[in-house]
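Residues per chain, in single letters:
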Amino acid sequence: MKLVVDWPRCEGHGLCEEAAPQLLHLDDEGELLLDVEDIGESDLKAAQAAVRVCPVAALRLEQQ
Amino acid sequence: MTSTPKQIVIVGGGIAGVTAASTLRDSGFDGELTIVGAEPHRAYSRPALSKAALLDLADLNSHVLPDPGHGARELLGIGAVQLDVDAREVVLTNNETLKYDGLVIANGSHARRLGARGPGSHLSDSASVHAADSAELTLRTLEDAAQLRQRIAAQPSVVVIGGGPLGMEIASGCVAAGCAVTLVTRRLPQSALLGAHLADYLTQRAAEAGVRLLRATEISLLDLGTSARVTLSNVNAGTGPGTGAGTTIDGTRHSSDSTLTLDTELVITAIGDEPSTGWLESSGLAIDPTLGLRTDRKGRIHPNIVAAGDVAAFPHADGHRRLPLWTSAIEQAKVAAQTLLLEDEAPDLELQPYFWTEQWGISIKACGELPVAGSPEVLQGDLSEHSALLRWGDAEAGTATAVSVGMRMPIPRLRAHTRAVTSPSLAAAAS
């Protein structure tokens, strides 16, 4: 599975970082950086939590 | 509950409901899980409906969240009509009866209206339906947003009733669409939620954008179908900063006892939401008209029943508080779901409120309790430059509220600013 960001939609709330700090973070400018793009079994729950929590629906999980 | 539940029913398919479902699965629940949602969609970003979704022309369904992966049976477009707490059964609008060992009530709230409901309105109070011949709209659902966008595309005259952040966001969207907008309210817009300092700033932005702001002690509405008449009593215009009693923003003079009628093509009412507890009236559960279902610190309202999201109120100060916000729904749902499985071993709800708004081209994020009083400590920037980081309250005690205005600031960093910097790692997080 891949984490996919709808970049124009991202507003830098950072709820995703709170849900999955090991997978992504926001930099000093508040811009989102994916630290792990390819989501394996062990990261799936955290990735799903990050996708779900985004208040602007800017994150998706896609089959590769 | 003395044994692990095998059948859990979740009434409510919004963010609280799906978060509860995912939390149950993540916590090891592998029994039967059913989600009942009155809206015919999966959960979506409701906050976006009055912000980006009102402005951009993209398909509204792009705000629907993707498959959450909880493997639940989803009954969408179906509401709950009755609850029998002794038999542990929920009766649905399709006449199906669902038995449960554990129940999550997360079916949200509905928008208050001023006018009488139109002929097309449905019994289900959680899915708003606007009659085609009504001049009063409210904004709660995807359908509402689609209808609102369609109506404002014709650039009608608009009166927005309600001075909370939703009313202001809607007014902002209508101005962007090219409508002439009047916003009527009982006091300074957003003062109740944000406090005077921020409310003044945003009211000024609204006035600069061309919104006519009127204040009155009484506001009533006559819905004439293709138009409406809004009657304001005791008009005391001049909700903007620097305007004294007796003048409106556009210079029209009003005495303080005057009555004013506004004839308009479209009224959008944003005067608050009410928890959708109508279906529970015969259940025997305690229901408060404004607070909804008052839970304990773990989300419980009854043995085997928990509640979360806009329908529920959690313990706060000496009573309860209902906080119909995105992050509140998520945090309550996580605790409530764990409580069904762990009971007294479940964690208590510990919520640090996060509120954000986008209006008049500016984005404001607040981490911590609102409203804030008085003047802030300015940590960065300047409000007059429309880019600032402000703090109110006691950072040493960890009870401060940090607010970013016109800055991209992720929650973890904003949260760090609510605390006084006492360690290098906090300093790094706060920078």
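For the structure given in this document, a descriptive report is provided here. What you see is a predicted model; the values in this text were computed from it and never measured. (Residues numbered from 1 in each chain as written. Chains lettered and ligands numbered in written order. Predicted model: local features only at pLDDT ≥ 70, side-chain atom pairs only at ≥ 80, totals over all residues. Heavy atoms only, no water.)

1. Brief notes about the overall build of chain B
For chain B, the count of helices and strands is nine helices and 27 strands. Taking all 431 residues of chain B together, 53% fall into the buried category. Taking the intrachain contacts of chain B between residues at least 6 apart in sequence as the baseline, contacts between residues at least 24 apart amount to 60%. When the accessible surface of chain B is split by element, carbon and sulfur atoms take 49% of a total near 17,500 Å². (Helix = DSSP H or I, 4+ residues; strand = E, 2+ residues; numbered from the N terminus. Buried < 20%, exposed > 50% of the residue type's maximum accessible area, 1.4 Å probe, protein only. Contact = heavy atoms within 4.5 Å. Areas by Shrake-Rupley, 256 points an atom, 1.4 Å probe, with all protein chains shown as cover.)

2. A word on the state of the cysteines
Residues and elements named next belong to chain A. Under the counting rule described, the total for this entry stands at zero disulfides over all chains. Of all cysteine sulfurs in the structure, the one in Cys-16 sits closest to Cys-10, which takes part in no disulfide; the separation is 6.6 Å. Judged by relative accessible area, which is 14%, Cys-10 ranks as buried. (Disulfide = S-S within 2.5 Å.)

3. Focus: unusual backbone geometry
Phi is mostly negative for residues that are not glycine, and the peptide bonds are mostly trans. Residues and elements named next belong to chain B. Here the bond from Leu-370 into Pro-371 is cis, since omega is 0°, no more than 30 degrees from zero. For Pro-371, the location among the structural elements is in the loop between β24 (362-367) and β25 (377-382). Backbone geometry places Gln-155, a non-glycine residue, at a positive phi of 55°. Note on placement: Gln-155 falls in the loop between α3 (142-153) and β10 (158-161). Even without a glycine there, the phi angle at Gln-190 is positive, about 65°. When you line up the elements, Gln-190 lands in the loop between β11 (181-185) and α5 (191-194).

4. Looking at the packing of aromatic side chains
All names here are of chain B. Evaluated as defined, the whole model comprises one aromatic pair over all chains. Relative to Trp-356, the ring of Tyr-354 has its centre 5.6 Å away and its plane inclined at 25°; by these criteria the two rings are stacked. Considered together, Tyr-354 and Trp-356 belong to a single accessibility category, that of buried residues. (Phe/Tyr/Trp six-rings, centres within 6.5 Å; stacked < 30°, edge-to-face > 60°.)

5. Examining the packing of helix α1 (residues 15-26) of chain B against helix α7 (residues 326-342) of chain B
Residue and element names in this part refer to chain B. The interhelical angle for the contact between α1 and α7, taken along N-to-C directions, is 40°, at an axis separation of 8 Å. The angle between α1 and α7 places the two elements in the oblique class. Read as a crossing pair, α1 and α7 show a hand that is right-handed. Residues Ile-15, Ala-16, Thr-19, Ala-20, Thr-23 and Leu-24 of α1 touch α7, and the partners they reach there are Trp-326, Ala-329, Ile-330, Ala-333, Lys-334, Ala-337, Gln-338 and Leu-341. Here the contact of α1 with α7 is built from residues that sort into ten nonpolar, three polar and one charged. (Axes fitted to C-alpha atoms, helices over the stretch in contact; angles between N-to-C directions. Parallel < 35°, antiparallel > 145°, perpendicular 65-115°, else oblique. Left-handed = near helix turned anticlockwise from the far one by under 90°. Nonpolar A, V, L, I, M, F, W, Y, C, P; charged D, E, K, R; others polar.)

6. Some points on the nonpolar core
All names here are of chain B. Ranked by size, the top nonpolar core spans 43 residues in total, and within it Leu-148 and Val-405 carry the most contacts. Discounting residues that sit within four places of it in the chain, Leu-148 has contacts with Leu-54, Leu-137, Leu-139, Ile-170, Leu-266 and Ile-268. If you look at the next biggest cluster of nonpolar residues, it comprises 37 residues, including Ile-15, Ala-402, Met-407 and Met-409. (Core = buried A, V, L, I, M, F, W, Y, C linked by side-chain atoms within 4.5 Å.)

7. Regarding the environment of Asp273(B)
Residue and element names in this part refer to chain B. Within the secondary structure, Asp-273 sits in strand β17 (residues 273-275). For the pair formed by Asp-273 and Leu-213, sequence separation is 60 residues and the distance between their alpha carbons is 22 Å. Here Asp-273 is in contact with Ser-109, His-110, Ala-111, Arg-112, Arg-140, Asp-310, Arg-322 and Pro-324, once residues within four sequence places are set aside. A distance of 2.6 Å separates a polar atom in the side chain of Asp-273 from a polar atom in the side chain of Ser-109. (Polar contact = N/O pair within 3.5 Å; in protein donor to acceptor, adjacent residues only side chain to side chain.)

8. Some details on the interface of chain B and chain A
Taken residue by residue, the interface counts 28 residues in chain B and 25 residues in chain A. Summing the contributions of chain B and of chain A, the shared interface buries around 2,200 Å²; its carbon and sulfur component is 49%. The interface formed by chain B and chain A includes two salt bridges. Secondary structure elements with two or more residues in the side of chain B that touches chain A: α1, α7, β23 (354-359) and α8 (411-416) of chain B. For the side of chain B that touches chain A, the element with the most residues is α1(B), which contributes five residues. Within the side of chain B that touches chain A, the residues separate by chemical class into 14 nonpolar, eight polar and six charged. (Buried area = accessible area lost by both parts, 1.4 Å probe. Salt bridge = Lys/Arg side-chain N within 4 Å of Asp/Glu carboxyl O.)

9. A look at the side chain of Ser328(B)
Its place among the elements puts Ser328(B) in helix α7. In this structure Ser328(B) touches Phe314(B), Leu323(B) and Leu351(B), once residues within four positions along its chain are discounted.

10. What to know about the pairing of β11(B)
All names here are of chain B. The buried fraction of β11 amounts to five of the five residues, a majority that puts the element mostly inside the structure. Taking every second residue as pointing to the same face, both faces of β11 are buried, with Val-181, Leu-183 and Thr-185 on one and Thr-182 and Val-184 on the other. Bridge count between β11 and strand β12 (residues 212-215): four bridges; the pairing is parallel. Residue pairing for β12: Val-184 is matched across the bridge by Leu-214. (Pairing = 2+ DSSP bridges.)

11. Some remarks on the environment of Ala19(A)
Residues and elements named next belong to chain A. Considering the arrangement of structural elements, one finds Ala-19 in helix α1 (residues 15-19). Once the C-alpha coordinates of Ala-19 and Gln-48 are considered, the two residues, 29 residues apart in sequence, prove to be 9.1 Å apart. Apart from residues no more than four positions distant in its own chain, Ala-19 is found in contact with Ala-46, Ala-49, Ala-50 and Val-53.

12. Description of the sheet that holds β11(B)
Residue and element names in this part refer to chain B. The five strands are arranged β9-β16-β10-β11-β12 in an open sheet whose pairing can be described as parallel. Two strands lie at the open edges of the sheet, namely β9 (136-137) and β12, each paired on one side alone. Sheet contacts for α3: β9 and β16 (266-269); angle to β16, the most-contacted strand, approximately 145°.

13. Overview of α1(B)
Note that an α-helix has 3.6 residues per turn; residues three or four places apart therefore point the same way. Spanning twelve residues, α1(B) covers 16 Å between terminal C-alpha atoms, matching the ideal 16 Å at 1.5 Å per step. Counting buried positions along α1(B) yields ten of twelve residues, so the element is predominantly enclosed. Inspection of α1(B) places Ile15(B), Ala16(B), Gly17(B), Val18(B), Thr19(B), Ala20(B), Ala21(B), Ser22(B), Thr23(B) and Leu24(B) among the buried residues, and these make up the whole buried set. Of the surrounding elements, those touching the buried residues of α1(B) are α2 (44-53) of chain A together with β1 (7-11), β2 (32-37), β7 (102-105) and α7 of chain B. (Expected span 1.5 Å × (residues − 1).)

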